[in-house]
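Below are the chains, spelled out letter by letter.
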Amino acid sequence: MSSNTSTVTVDNKSVELPVKDGTIGPSVIDISKLYGQTGMFTYDPGFTSTAATESKITYIDGDKGILLYRGYPIDQLAEHGDFLETCYLLLYGELPTAAQKADFDYRVTRHTMVHDQMNRFFTGFRRDAHPMAIMVACVGALSAFYHDSTDISDPHQRMIASMRMIAKMPTLAAMAYKYSIGQPFVYPQNELDYTSNFLRMCFAVPAEEYKVNPVLSRALDRIFILHADHEQNASTSTVRLAGSSGANPFACIAAGIACLWGPAHGGANEAALKMLEEIGTPDRIPEYIAKAKDKNDPFRLMGFGHRVYKNYDPRARIMQKTTHEVLNELGIKDDPLLDVAVELEQIALKDEYFIEKKLYPNIDFYSGITLKAMGFPTSMFTVLFALARTVGWIAQWSEMIEDPSQRIGRPRQLYTGETERDYVTVAQRG
Ligand code: CMC
């Protein structure tokens, strides 16, 4: 805690509020006693000035475009590490030793299969169901298979539940995809690494030998690293809020998946690709830039802008490089969507509207082009985001449960409805 305090004056009454400092980033004014001392709440819809928790996991400096997982810059992790190592780092706070890494990889790998009854959940869905709807349902349904994980006060059970979710997300995601295209489910193969295994479960068919392309596997693994955590965003806050009541962790992650689905959040990768397809050719870009700037038009440039980043999203830079690597590997010399994206980015970055509002490409701007080239349909993009973000949700959920000061999350409100009035029977209502 800082020795500083902040003084708030309400109705001529001044109260001293403690100021807390983090290791980096803005300090916070601790307003938890404000209501008791003044009878007033604070008001901050969208939480633009509110830190809802203390956390040691991820740090973002939105002005400088910096993203750190447990202190390590995202570009270093993406370049040198792998996704499971990142999972270990997020969960335990340190990079693993070789022995710890081997043990962690082994434990995750041994949990990749889902209960065979789970297959029946899938067959209850229409083939054209959105895979995010299937993921919300199936991950929530895992609560029904693992009753032991409901004892969230037991660290061992929390750890097993965490392993299960990280391990089973690729299996469920691949099943959602296979179901949508009418192909049989492909079981996990434990000798493969995490991401290669996922690619095989998505793209192998029983009738043929499937060889994983290591360049694509590495690229997808990097995409998973980029999406692994992003501090207190909407879906993570949803997971924390759901978990604050002591709910089953699988149900909490299902809540996070539901929140991620929206186009302002994880659904933006799907929306960004659809937008690029709709624009179609570079000559139509000015028309769409004009629409994005028009106050009377709800259209926004998808994959642009961010609540926290007021500079280039550091993940977007790595994603852009990955896009080129993937297209090169697949021998895609000219991708019309990439042409539109590159040109759109150039035009927007020079446009006064986007400069003034500090709107830069975010991670979702290039991810869709990359995932499409790999063979994923647009409806799977947000599923891949959910797969990768699961570890972040779990790390944040665990941190919350382990925090001795944790209480149920319960925001207050500014009530603007009717004041008290008497009930009138239906016969007496005019
Ligand atoms: N295109 C055009 N104008 C925009 C855009 C955009 N993409 N984003 C923000 N603006 C304008 C907005 O109209 C507003 O203008 P004004 O001040 O004149 O009213 C101003 O910029 C501030 O926007 P805001 O909606 O108040 O900002 P926010 O922090 O609430 O929203 C955002 C952040 C990411 C929801 C928003 O930028 C957006 O809708 N972007 C498109 C969707 C997208 O790409 N989302 C992915 C985010 S990154 C991955 C993730 O988090 O899941």
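Look a little higher up for the structure.
What comes next is a walk through the structure. Within each chain, residue numbers correspond to sequence positions counted from 1 in written order. Per-residue local features of the predicted model are confined to residues with pLDDT of at least 70, and side-chain atom pairs are confined, for both listing and counting, to 80 or more; whole-chain, interface and lining totals are unaffected and use all residues. Hydrogens and water are ignored here; the side-chain numbers use all heavy atoms of the structure.

### Notes on the site of the ligand
If you check the shell around the ligand, you find 21 residues, and the closest are H265, L301, G303, R307 and K357. The term polar contact refers here to a pair of N or O atoms within 3.5 Å; inside protein, the definition further demands a hydrogen-donor-capable atom paired with an acceptor-capable atom, and it admits residues adjacent in sequence only when both atoms are side-chain atoms. K295 has a polar side-chain atom sitting 2.8 Å from an oxygen atom of the ligand. Contact between the ligand and L301: a nitrogen atom at 2.7 Å from a main-chain N or O atom of the residue. Here the ligand, which alone exposes 930 Å², has 75% of that area covered by the protein. Across the shell around the ligand, the residue classes break down as 10 nonpolar, 6 polar and 5 charged. By convention in this text, a residue qualifies as near a molecule or strand provided that one of its non-hydrogen atoms is within 4 Å of it. Accessible areas in this description were obtained via Shrake-Rupley with a 1.4 Å probe; residue shielding takes into account the shown protein chains only. Think of it as three bins: nonpolar holds Ala, Val, Leu, Ile, Met, Phe, Trp, Tyr, Cys and Pro, charged holds Asp, Glu, Lys and Arg, and polar takes everything else, Gly as well.

### What to know about the pattern of salt bridges
Salt bridge, as used here, is a side-chain nitrogen of Lys or Arg placed within 4 Å of a carboxyl oxygen of Asp or Glu. Per the stated rule, a full pass over the model turns up 15 salt bridges. Linking D61 and K64 is a salt bridge whose minimum nitrogen-to-oxygen distance equals 3.7 Å. Exposure remark for D61: the relative accessible area of 15% places this residue in the buried category. Note on exposure labels: buried denotes an accessible area under 20% of the residue type's maximum, exposed denotes more than 50%, and partly exposed covers the range between, all computed with a 1.4 Å probe on protein chains only. The exposed category is assigned to K64, whose relative accessible area is 60%. Across the pair E270 and K274 runs a salt bridge whose closest N-O atoms are separated by 3.0 Å. One end of the pair is E270 and the other is K274, both in helix α12 (residues 268-279) and 4 residues apart, which spans about a single turn. A relative accessible area of 10% places E270 in the buried class. Among the residues examined, K274 registers a relative accessible area of 42% and is labelled partly exposed. Put simply, DSSP H or I for four residues or longer makes a helix, DSSP E for two residues or longer makes a strand, and each gets a number counted from the N terminus.

### Considering the packing of helix α10 (residues 234-243) against helix α18 (residues 381-402)
Only C-alpha atoms enter the line fits that serve as axes; for helices the fit covers just the stretch in contact. Angles between N-to-C directions range over 0 to 180 degrees. Two numbers describe how α10 lies on α18: the axes approach to 9 Å, and their chain directions differ by 40°. When the interaxial angle is binned, α10 and α18 end up oblique. Our pair here, α10 against α18, has a crossing hand that is right-handed. On the side of α10, the interface is formed by S235, T236, V239, R240 and G243, while α18 contributes R389, W393, Q396, W397, E399, M400 and I401. The residue makeup of the contact of α10 with α18, split by class, is 5 nonpolar, 4 polar and 3 charged. For classification purposes, an angle smaller than 35 degrees is called roughly parallel, one larger than 145 roughly antiparallel, one from 65 to 115 roughly perpendicular, and anything else oblique. Two helices crossing with the near one rotated counterclockwise from the far one by less than a right angle form a left-handed crossing, whereas a clockwise rotation gives a right-handed crossing. We call two residues in contact whenever any of their non-hydrogen atoms come within 4.5 Å of each other.

### Remarks on empty space enclosed by the protein
The pocket and cavity definitions rest on a 1 Å grid over protein atoms only: a 1.4 Å probe that fits but cannot leave marks a cavity, an open set with protein on both sides within 12 Å along at least five of seven lines marks a pocket, and residues lining either have an atom within 4 Å of a point. Grid points are joined across faces, edges and corners, and a volume is the space filled by probe spheres set on the points. One pass over the structure, following the stated rule, counts 3 cavities of 30 Å³ or more. Of the voids in this model, the largest cavity is the one considered here, and its volume is about 80 Å³. Around the largest cavity, the lining residues are M113, V114, D116, N119, T171, M175, F185, V186, Y187 and P188. For the lining of the largest cavity, the residue count by class is 7 nonpolar, 2 polar and 1 charged. Estimates place the volume of the second largest cavity at around 40 Å³. Around the second largest cavity, the lining residues are I223, F224, H227, N269, S367, L371, F381, L384, F385 and A388. If you list the elements that add at least two residues to the lining of the second largest cavity, you get α9 (214-227), α17 (364-374) and α18. Per-element accounting of the lining of the second largest cavity gives the leading share, 4 residues, to α18. Residues that form the lining of the second largest cavity fall into these classes: 7 nonpolar, 3 polar and no charged.

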